[in-house]
Amino acid sequence: MALCKKELIKILNDFDFNCLRCSNCCRIDPGAVFLSEDDFNEIIKFLKIDTKSFLIDYCRPIFRGTRQIVALKEKTNYDCIFWDNKCTIYEARPLQCKAYPFWASIVESDIDLKKEMKRCKGIGRKGNMKIDEKINFYYQHKNFVYKEYKI
Ligand code: SF4
Ligand code: SF4
């Protein structure tokens, strides 16, 4: 569903969110945290490691049609590779993590929103997030450009 700005503002005005810091979105279930070029560069700078080591030790390729794009590895229990009682790269965490739950797929679909609410108890909880911040996250994530996986 493509939303016009007016519809988006209405939906996001009613979209309460206040993170409980439970980390359910970082662990337990399988998922994929995709990286943009900027995310990738921020994390290698934060970890002070080179591109190849980061790709091999912390990333995995995921096929999208004929392309291979970069996602973070998961541990065998499906926790994010960077989760260790907290996000260990919090200051450099990817946009996908920062923008959650204001992803177009969630904001634009009641079905996906209901599904997501079962996992994230912060959705629907009153908070003090400004509408502009929600709109920014929505557009930043909607316009996300996936980084290609190349060694
Ligand atoms: S699952 Fe929701 S409430 Fe819990 S840490 Fe993630 S965003 Fe916050
Ligand atoms: S990078 Fe950090 S915030 Fe994102 S899923 Fe992994 S542990 Fe969670």
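Please refer to the structure higher up on the page.
First things first, this report covers the structure right here in the doc. (Residues numbered from 1 in each chain as written. Chains lettered and ligands numbered in written order. Predicted model: local features only at pLDDT ≥ 70, side-chain atom pairs only at ≥ 80, totals over all residues.)

1. Here's the deal with the overall build of the protein
Our working definition: Counting from the N terminus, the helices are DSSP H or I runs at least four residues long and the strands are E runs at least two residues long. C-alpha atoms define the radius of gyration in this analysis, and the globule rule sets the expected value at 2.2 Å times the number of residues to the power 0.38.
Check the secondary structure of the protein and you find 7 helices and 2 strands. Start at the N end of the protein and walk to the C end: the helices and strands fall as α-α-α-β-β-α-α-α-α. A compact globule built from 151 residues should have a C-alpha radius of gyration of about 15 Å, and the protein, at 16 Å, falls within 12% of that. C-alpha atoms of the protein, sized along the principal axes, occupy 45 × 35 × 25 Å.

2. Some remarks on the site of ligand 2
Operational definition: Throughout this description, a residue near a molecule or strand is one whose C-beta atom, derived from the backbone, lies within 6 Å of it. Polar here means any residue other than Ala, Val, Leu, Ile, Met, Phe, Trp, Tyr, Cys and Pro, which are nonpolar, and Asp, Glu, Lys and Arg, which are charged; Gly is therefore polar.
Every residue near ligand 2 is listed here: Cys26, Val33, Cys80, Phe82, Trp83, Cys87, Ile89, Arg93, Pro94 and Cys97. Classifying every residue of the shell around ligand 2 by side-chain character gives 9 nonpolar, no polar and 1 charged.

3. Some remarks on unusual backbone geometry
Rule in force here: As a rule, residues whose C-beta atom has 12 or fewer other C-beta atoms within 10 Å are exposed, those with 20 or more are buried, and those in between are partly exposed; C-beta atoms are placed from the backbone.
In this structure, Pro101 follows Tyr100 across a cis peptide bond, with omega equal to 5°. Structurally, the position occupied by Pro101 is in the loop between α4 (95-99) and α5 (104-107). Phi is positive for Lys48, which is not a glycine, with a value near 55°. Assignment of secondary structure puts Lys48 in the loop between α2 (37-47) and α3 (51-58). A tally of 6 C-beta atoms within 10 Å means that Lys48 is categorised as exposed.

4. Let's talk about the pairing of strand β1 (residues 59-64)
Applied cut-off: Think of it this way: DSSP has to see at least two bridges between two strands before they count as a pair.
Relative to strand β2 (residues 67-72), β1 runs antiparallel, the two being bridged by 6 bridges. Considered in β2, the bridge of Ile62 is made with Ile69. Hairpin connection from β1 to β2: 2 residues lie between these consecutive antiparallel strands, with Gly65 at a positive phi of about 65°.

5. Looking at the nonpolar core
Convention followed: To count as a nonpolar core, a set of buried Ala, Val, Leu, Ile, Met, Phe, Trp, Tyr and Cys residues must be joined through C-beta atoms within 7 Å. Note on contacts: each residue gets a C-beta atom placed from the backbone, and two residues are in contact if those atoms are within 7 Å.
Core analysis: the largest hydrophobic core is formed by 21 residues, its most contacted members being Val70, Ala71, Leu72, Cys80, Phe102, Val107 and Tyr138. Among the elements of the structure, α1 (5-14), β2, α5 and α7 (131-142) are those that each provide at least two residues to this core. Looking at this core element by element, the count peaks at 4 residues for β2. Setting aside chain neighbours within four positions, we find Leu72 in contact with Val33, Tyr58, Cys59, Cys80, Ile81 and Phe82.

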